[in-house]
Amino acid sequence: MPENPPRISSQLPVMALAQPRDLEQYLALGKRRHNELCRQKRIFNARNRILGGDPEAWDVQVHDQKIKEATEKARHETFAAEMRQNDKITCILEGRERQDKRSLCKAINDFQQHFQRPETRREFDLSDPLALRKDLPARQSDNDIRNTVSGMQRFMGEDLNFCERKKFQEEQNREWSLQQQREWEKARAHQRCAEDLYLKTRLQFDERAKHLQNLESATRKAVCTAVKEFNRSQATESLERKIREKKQEQEDNLAEISNLLRGDLLSENPHQAASSFGPHRVVPDRWKGMTQEQLEQIRLVQKQQVQEKLVVVSHLSSLQRLQEEERQRDMDWDRRSIQTARAALLRERWQQRQQRDLRRALDCSNLSLAKEQRAQKKYMEEVCTNQPTEDYFTQFNTQSR
């Protein structure tokens, strides 16, 4: 017979009241342990594993079902106990709430009886049965608050203390007049002091302005003198530079003319048009035409062709016409080659002149800007003499605010 599975109740710790969460934890732990033991028995027992029909597993399932029912029963009992406890607490709170309502109603009634009586209402005088007994006469004194304008109980000059009031008004007018005289004299004195101070300040300002004007005129004269000297030196430098540039330009023109006369362009060196692809090919942009040897060879070949044509063709007029046309084509080709070379040379010279003009204009613009910057810098150095020292910067950031 297989051994009985371990009981869950024997593994539970001793406590006053088991909570449902603790019961579920211990139940899950015991169930996992029991399942592991049963699985080991099934796997290690070859007979039960092969034939099937595991009664021990059935007993375990029945036992697990009983444990589950017992757990559910304990859980329901715990919930019932909690519900009874909550019902008792709810009854106690409802009783306290009813008691508080009764106490509040009683306090409100006491407050109304002591502090909100009918005599204290604002409109009680309209329905007071003793209003006539409590009523006062139409005029008790001059300061009676009931003597309004619409009541017509007191008019201007009909007050009880008319003599005292008139005497007080005369004394008050006399004091006001004396006070106005004192204030007027005091204002005149202040005005005279202000005029004297204004006159002194105006004189100081005039002296300061005159001094500054003299300084400005002296500074302007010095600046004009410096500018004149600077302009004179600049004019001298400009004249010398122009002379040097003109001389350099003449030298460049002479060198250019010499290079052009000695170069391959005008000398028509035939070797510069030789191509690297073979002796029978030339470079188109460098080829200046055929040489005299080539022309002589061509003419020799042409003469041979003419003789051959004279042998074959008997018409001399057609042969002469062909020779004349070929000669005209050669002359046209030579003329076009010379015109192309001349146009290229003229365009190159024109581009060089444009570049020199642009460079000269840029130099003049840079020179004028340099003059203006030097003059501005010199003026600022003469005018702005109050340079900040180290003490000016150390007075900041010395406190937390």
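Scoring rules and cut-offs
- Residues numbered from 1 in each chain as written.
- Predicted model: local features only at pLDDT ≥ 70, side-chain atom pairs only at ≥ 80, totals over all residues.
- Heavy atoms only, no water.
- Helix = DSSP H or I, 4+ residues; strand = E, 2+ residues; numbered from the N terminus.
- Expected span 1.5 Å × (residues − 1).
- Buried < 20%, exposed > 50% of the residue type's maximum accessible area, 1.4 Å probe, protein only.
- Salt bridge = Lys/Arg side-chain N within 4 Å of Asp/Glu carboxyl O.
- Axes fitted to C-alpha atoms, helices over the stretch in contact; angles between N-to-C directions.
- Parallel < 35°, antiparallel > 145°, perpendicular 65-115°, else oblique.
- Contact = heavy atoms within 4.5 Å.
- Nonpolar A, V, L, I, M, F, W, Y, C, P; charged D, E, K, R; others polar.
- Patch = residues over 30% accessible without salt bridge, like charges linked within 9 Å, V, L, I, M, F, W, Y side chains within 5 Å.
- Areas by Shrake-Rupley, 256 points an atom, 1.4 Å probe, with all protein chains shown as cover.
- pLDDT = per-residue confidence, 0-100.

**Student:** What should I look at first to understand helix H1 (residues 20–44) in this one?
**Tutor:** Since the α-helix advances by 3.6 residues per turn, residues separated by three or four positions end up pointing in the same direction. The terminal C-alpha atoms of H1 lie 36 Å apart, and with 25 residues this matches the ideal 36 Å at 1.5 Å per residue to within 8%. Those residues of H1 that fall on the buried side of the exposure criterion are Pro-20, Leu-23, Gly-30, His-34 and Cys-38.

**Student:** Explain the pattern of salt bridges to me, please; I cannot follow it from the model alone.
**Tutor:** Pairing is possible between side chains of opposite charge, provided their charged atoms come close. This model, assessed by the stated rule, comprises 11 salt bridges. In this structure, Glu-324 and Arg-327 form a salt bridge, with 2.3 Å as the shortest nitrogen-oxygen distance. Residue Glu-324 and its partner Arg-327 are located together in helix H8 (residues 316–383), separated by 3 residues, close to a single helical turn. The salt bridge involving Asp-357 is made with Arg-360; its shortest N-O contact spans 3.1 Å. Within this pair, Asp-357 and its partner Arg-360 are both found in helix H8, separated by 3 residues, close to a single helical turn. Assessed through its relative accessible area of 41%, Asp-357 is described here as partly exposed. When its relative accessible area of 33% is taken as the criterion, Arg-360 is described as partly exposed. Counted as one network, the salt bridges with shared partners bring together Glu-171, Arg-174 and Glu-175.

**Student:** Any chance you could explain the packing of H1 against helix H3 (residues 55–115) here in plain terms?
**Tutor:** Helices that pack against each other are described as a pair by the angle of their axes relative to one another and the distance between those axes. The geometry of H1 relative to H3 is characterised by a closest axis approach of 11 Å and an angle of 180 degrees between their N-to-C directions. Relative to H3, the element H1 lies roughly antiparallel. Contacts from Pro-20, Leu-23, Glu-24, Leu-27, His-34, Asn-35, Cys-38, Lys-41 and Arg-42 in H1 reach Glu-56, Ala-57, Val-60, Asp-64, Ile-67, Thr-71, Ala-74, Arg-75, Thr-78 and Phe-79 in H3. Here the residues of the contact of H1 with H3 are counted per class, giving 9 nonpolar, 4 polar and 6 charged.

**Student:** Sorry, what's going on with a nonpolar patch on the surface here?
**Tutor:** Taken together, Tyr-379, Met-380 and Val-383 make up a surface patch of nonpolar side chains, about 260 Å² in accessible area. As for its position among the elements, Val-383 is in helix H8.

**Student:** Hey, could you run me through the confidence of the model for the chain in this one?
**Tutor:** Caution applies to low-pLDDT regions: their predicted coordinates should not be interpreted in detail. When pLDDT is averaged across the chain, the result is 81; 84% of the residues are at 70 or more. Across the chain, the secondary-structure element scoring lowest on mean pLDDT is helix H2 (residues 46–51), at 60, and the one scoring highest is H3, at 91. Counted against residues more than four places away or in other chains, residues 1–16, with its pLDDT under 50, gives 18 contacts.

**Student:** Would you take a moment to explain the side chain of Gln-234 for this structure?
**Tutor:** Among the secondary structure elements, Gln-234 is positioned in helix H5 (residues 162–262). The contact partners of Gln-234, leaving out residues within four places of it in the chain, are Leu-367, Lys-371 and Arg-374.

**Student:** Which parts of the structure should I look at to understand the environment of Lys-31?
**Tutor:** Mapping Lys-31 onto the fold places it in helix H1. With 33 residues separating them along the chain, Lys-31 and Asp-64 place their C-alpha atoms 7.8 Å apart.

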